[in-house]
Amino acid sequence: MKSEAYLFAGVALFFLLTDAAYIWFAREPAGIAALSVSFGMSSVISFFCLINYGRKGLRPEDRPDSEIRERSGTIDFFPPHSGYPVVTALGAAVIAVGIVYGVWIILVGFGLLWPGVLGMVFQFGTRESR
C-alpha cells in the first residue's frame, strides 16, 4: 500500500497546486470548490493507504518472494439465490424514470428500492443461514 499512498499523495499535490493557481487567476467559486474537494478526497485516500501500510506492512503481491497460496482461500460469502438484487435494480430504474417524468414516480421507486436494500442487508443476518 506504500506505492498507492505515494501515488495518491502525488495526485493530491497536483490538485493542491492546481487549486492554488485557480484561486490566484480565476477566482471562480465552483472551480475552486471542485478542486478543493478533489484535493481533500485524494488526501484521504493517500492517508488511508499509508495508515494501512503502517498497520499491515507489505502485502504478498508487493513482495517478490511471495507464494500464490498466501492470497488463496475463502474470499467471502456470496448468496446463491436471491431476488432482492432484482427488486433493488427495479427500484433504482423507476427512480431514474421518475427524475424525468415526475416526483410521484420517484416515490414509487423508493417504495421498491427500500425493500430490496433492506432484504439484501438482512437476508443472511443470522448465523444459522450460513
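Residues numbered from 1 in each chain as written. Predicted model: local features only at pLDDT ≥ 70, side-chain atom pairs only at ≥ 80, totals over all residues. Heavy atoms only, no water.

**A closer look at the overall build of the protein chain**
Then, number 1: When helices and strands are counted, the protein chain shows four helices and zero strands.
Then, number 2: In terms of C-alpha radius of gyration, the protein chain reaches 23 Å, well past the compact-globule figure of 14 Å for 130 residues.
Then, number 3: In terms of overall dimensions, the protein chain has C-alpha extents of about 50 × 50 × 20 Å along its principal axes.
Then, number 4: In the protein chain, which comprises 130 residues, the proportion classed as buried is 18%.
Then, number 5: In the protein chain, 52% of the contacts between residues at least 6 apart in sequence involve partners at least 24 apart.
Then, number 6: Working note: accessible area of the protein chain is about 9900 Å², and carbon and sulfur atoms make up 71% of it. (Helix = DSSP H or I, 4+ residues; strand = E, 2+ residues; numbered from the N terminus. Rg over C-alpha atoms; globule rule 2.2 N^0.38 Å. Buried < 20%, exposed > 50% of the residue type's maximum accessible area, 1.4 Å probe, protein only. Contact = heavy atoms within 4.5 Å. Areas by Shrake-Rupley, 256 points an atom, 1.4 Å probe, with all protein chains shown as cover.)

**So, the environment of Ile23**
Then, number 1: Of note, Ile23 is situated in helix α1 (residues 2-25).
Then, number 2: Among the residues examined, Ile23 registers a relative accessible area of 40% and is labelled partly exposed.
Then, number 3: Spatially, the C-alpha atoms of Ile23 and Phe122 are 48 Å apart, while their sequence positions differ by 99 residues.

**Here we look at the packing of α1 against helix α2 (residues 29-56)**
Geometry of a packed helix pair, given as the angle between the helix axes and the separation of the axes.
Then, number 1: Look at α1 against α2: their axes get within 8 Å of each other, and the N-to-C directions meet at 160°. Overall, the two elements α1 and α2 adopt an arrangement that is roughly antiparallel. In the crossing of α1 with α2, the sense of the turn from one axis to the other is left-handed.
Then, number 2: Considered class by class, the residues forming the contact of α1 with α2 number 16 nonpolar, seven polar and three charged. (Axes fitted to C-alpha atoms, helices over the stretch in contact; angles between N-to-C directions. Parallel < 35°, antiparallel > 145°, perpendicular 65-115°, else oblique. Left-handed = near helix turned anticlockwise from the far one by under 90°. Nonpolar A, V, L, I, M, F, W, Y, C, P; charged D, E, K, R; others polar.)

**Considering the pattern of salt bridges**
Then, number 1: Enumeration over the complete set of coordinates arrives at one salt bridge.
Then, number 2: As a salt-bridge pair, Asp65 and Arg63 come within 3.9 Å of each other at their nearest N and O atoms.
Then, number 3: The class of Asp65 is exposed, set by a relative accessible area of 57%. (Salt bridge = Lys/Arg side-chain N within 4 Å of Asp/Glu carboxyl O.)

**Focus: the environment of Val108**
Then, number 1: When you line up the elements, Val108 lands in helix α4 (residues 103-122).
Then, number 2: Put simply, Val108 and Val94 are 14 residues apart on the chain and 7.4 Å apart in space, counted from C-alpha to C-alpha.

**A closer look at a nonpolar patch on the surface**
Then, number 1: On the surface, Phe110, Trp114, Leu118, Val121 and Phe122 cluster together into a nonpolar patch covering about 540 Å² of accessible area.
Then, number 2: On the accessibility criterion, Leu118 (42% relative accessible area) is partly exposed. (Patch = residues over 30% accessible without salt bridge, like charges linked within 9 Å, V, L, I, M, F, W, Y side chains within 5 Å.)

**Details of the UniProt feature "transmembrane region" (unreviewed entry) in the protein chain**
Then, number 1: Look at the UniProt record and you will see "transmembrane region" (unreviewed entry) annotated at residues 30-53 and 86-114.
Then, number 2: Split by type, residues 30-53 is 100% helix and 0% strand. Its first and last C-alpha atoms lie 35 Å apart.
Then, number 3: Within the segment residues 86-114, helix and strand shares are 97% and 0% respectively, and the terminal C-alpha atoms sit 12 Å apart. (UniProt positions renumbered as here; feature names shortened; annotations may be inferred.)

**Observations regarding unusual backbone geometry**
Comment: phi is negative for the bulk of residues other than glycine, and the bulk of peptide bonds are trans.
Then, number 1: The backbone of Arg27 shows a phi angle near 55°, a positive value even though the residue is not glycine.
Then, number 2: Note on placement: Arg27 falls in the loop between α1 and α2.

**Some remarks on the side chain of Ser46**
Then, number 1: Secondary-structure assignment places Ser46 in helix α2.
Then, number 2: Judged by relative accessible area, which is 10%, Ser46 ranks as buried.
Then, number 3: Contact partners of Ser46, with chain neighbours within four places excluded, come to Ala5, Phe8 and Ala9.

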